[in-house]
Amino acid sequence: MRRVVGIEEWRRLAEDQRLAGRRVGLVPTMGALHAGHRSLVAAARANGDFVIMTIFVNPRQFNDPADLRAYPRAPESDRALAESFGVDALVEPTMAEMWPSYPEPTPTTVSVAGLGDVLEGAGRPGHFDGVASVVAKLAIVTGPSRAYFGEKDFQQLAVVRRMVLDLGLDVEVVGCAIVRDEDGLALSSRNVRLDAQARARALSLSRALALAAEHGGPASALREVMRATMVAADVVVGYADVVDPVTLEPLGDDATGRARALVAGVVDGVRLIDNREIELRKGR
Ligand code: PAF
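Quick caveat, the model's predicted, so the values are computed rather than measured.

About the cut-offs
- For every chain, the first residue of the written sequence is number 1, and numbering continues from 1 onward in sequence order.
- Only residues with pLDDT of at least 70 get local features here, since the model is predicted, and only at 80 or more are side-chain atom pairs given and counted; chain-wide, interface and lining totals rely on the full set of residues.
- The side-chain figures draw on all heavy atoms in the structure; neither hydrogens nor water molecules are used.
- Where helices and strands are cited, they refer to DSSP runs of H or I of at least four residues and of E of at least two residues respectively, numbered from the N terminus.
- Multiplying 1.5 Å by the helix residue count minus one yields the expected span of that helix.
- In this scheme, a residue with accessible area under 20% of its type's maximum is buried, one over 50% is exposed, and one in between is partly exposed, where area comes from a 1.4 Å probe on protein chains only.
- The contact definition used throughout considers only heavy atoms, calling two residues in contact when any of these lie within 4.5 Å.
- Convention adopted: a line fitted to C-alpha atoms gives each axis, helices being fitted over their contacting stretch, and angles between N-to-C directions are expressed from 0 to 180 degrees.
- For classification purposes, an angle smaller than 35 degrees is called roughly parallel, one larger than 145 roughly antiparallel, one from 65 to 115 roughly perpendicular, and anything else oblique.
- Crossing handedness is defined as follows: a turn of the near helix away from the far one that is anticlockwise and smaller than a right angle gives a left-handed crossing, while the clockwise case is right-handed.
- Whenever a carboxyl oxygen of Asp or Glu lies within 4 Å of a side-chain nitrogen of Lys or Arg, that contact is scored as a salt bridge.

**Student:** Let's hear about helix α8 (residues 154-167): which residues, and what values?
**Tutor:** Since the α-helix packs 3.6 residues into each turn, any two residues three or four apart lie on the same face. The terminal C-alpha atoms of α8 lie 20 Å apart, and with 14 residues this matches the ideal 20 Å at 1.5 Å per residue to within 8%. For α8, the complete set of buried residues consists of Phe 154, Gln 155, Gln 156, Leu 157, Ala 158, Val 159, Val 160, Met 163 and Val 164. Here the buried face of α8 lies against α6 (120-123), α7 (127-142), β5 (146-150), β6 (172-176), β8 (257-267) and β9 (270-280). Just beyond α8, the residue with positive phi is Gly 168, at close to 65 degrees.

Written out as C-alpha cells, the structure is:
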C-alpha cells in the first residue's frame, strides 16, 4: 500500500493510474476504520478499481467543538487496517493543504440547500456544508471514476449525489449497504465511545427501525412507534422520520411504497444515526 500526504503527490498518483488505463475508486473516510469501511473497499475492489482511501477528520463538518475533540483517532491501527482491507493508496492529507485558512473560516463552501438543511442538517447547522465541501475537494483532487459511501449516512449519500449532479462532477457515487454488528447496531466510528450499558440502549435505534418496517404504516404511526421505542430506552431523540428516499421530504399518511425511515439519538453524549428502507402499505 502506497502512503501519500502531499496534495501534489496525491494528484499525480491518481493521474498516473488513469493514464495506465485503471479506474480509480475513492473511499473517503475520517478514520477509526471498521468493517463498514472494509465493505466500501471491498465494493471498490470488486469493481476492479485502484482504491484510494483518504483519512481526514474534517473539522468543517463538526458544529460542536467537543464532538470534534472526542472523535476517535487511531492513525497507526488505521494504516494497518487499510492495508489489510486491500487499499492501494492511503492518503492522509494535512490540514494546511485541505483547509489553508483553518482555524479561520474557509471562504469557499459547497452547500446543498434543502437536502442539507433537514434531519441531521436541522440539528447540526453547517454539517452538510462541511461534508459537501470536503467531498468536493477530495473528488476534485483525486478525479475518481467512482466514490463509495455507506448507506448508514443516508442523508450524506443523498447530499453527495445531488452535489455531483449539480456540479457536473464526472464520478459515479456508489452507495453500500449498512454493516451491522450481530446485535443489530449499525457500525460507526463513534460506537467505541459506548460502554456496555449505553450500547444496550443504542440498540433501540435499530429496534425502532425494525418495528417500523414490520408495522408498515401510515407514516405518522411509524414516527410514533420509533420515537416511543427510543424514549423507552432513555435515548434523547434527535428525530424519527419517514421520508422520500430521494428528496428526503417527510411522507404523509396517504403515502405508499418504498420509503426510508431515519432515526437519530444521543446516548450518553454520543450521537448515533441509523436508517432502513421500508415499504409503506395501503389500507392500515
Ligand atoms: O462519512 C464520513 O466519514 C465523512 O462524512 C466523509 C464522507 C469522509 C467526509 O468527511
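Continuing now.
**Student:** I'd like to hear about the packing of α7 against α8, residue by residue, with values.
**Tutor:** Orientation of α7 relative to α8, taken along the N-to-C sense of each, is 55 degrees, at an axis distance of 10 Å. Classified by the interaxial angle, the pair formed by α7 and α8 is oblique. Seen along the crossing, α7 lies across α8 with a hand that is right-handed. Where α7 approaches α8, its residues Phe 128, Val 131, Ala 132, Val 135 and Ala 136 are matched on the opposing element by Gln 155, Gln 156, Val 159, Val 160 and Met 163.

**Student:** For the pattern of salt bridges, give the residues involved together with the corresponding values.
**Tutor:** If you walk through the whole model with that rule in mind, you get 22 salt bridges. Among the salt bridges present, the one from Arg 2 reaches Glu 9, with a minimum N-O distance of 3.7 Å. We classify Arg 2 as partly exposed; its relative accessible area is 42%. The partly exposed category is assigned to Glu 9, whose relative accessible area is 31%. Of the charged contacts in the structure, one is a salt bridge between Arg 199 and Asp 183, with a shortest N-O distance of 2.9 Å. Here Asp 183 lies in the loop between β6 and α9 (196-215) and Arg 199 lies in helix α9, a separation of 16 residues in the sequence. Exposure remark for Arg 199: the relative accessible area of 23% places this residue in the partly exposed category. Residues joined by salt bridges that share partners form a network here, namely Asp 67, Glu 120, Arg 124, Arg 190, Arg 193 and Arg 271.

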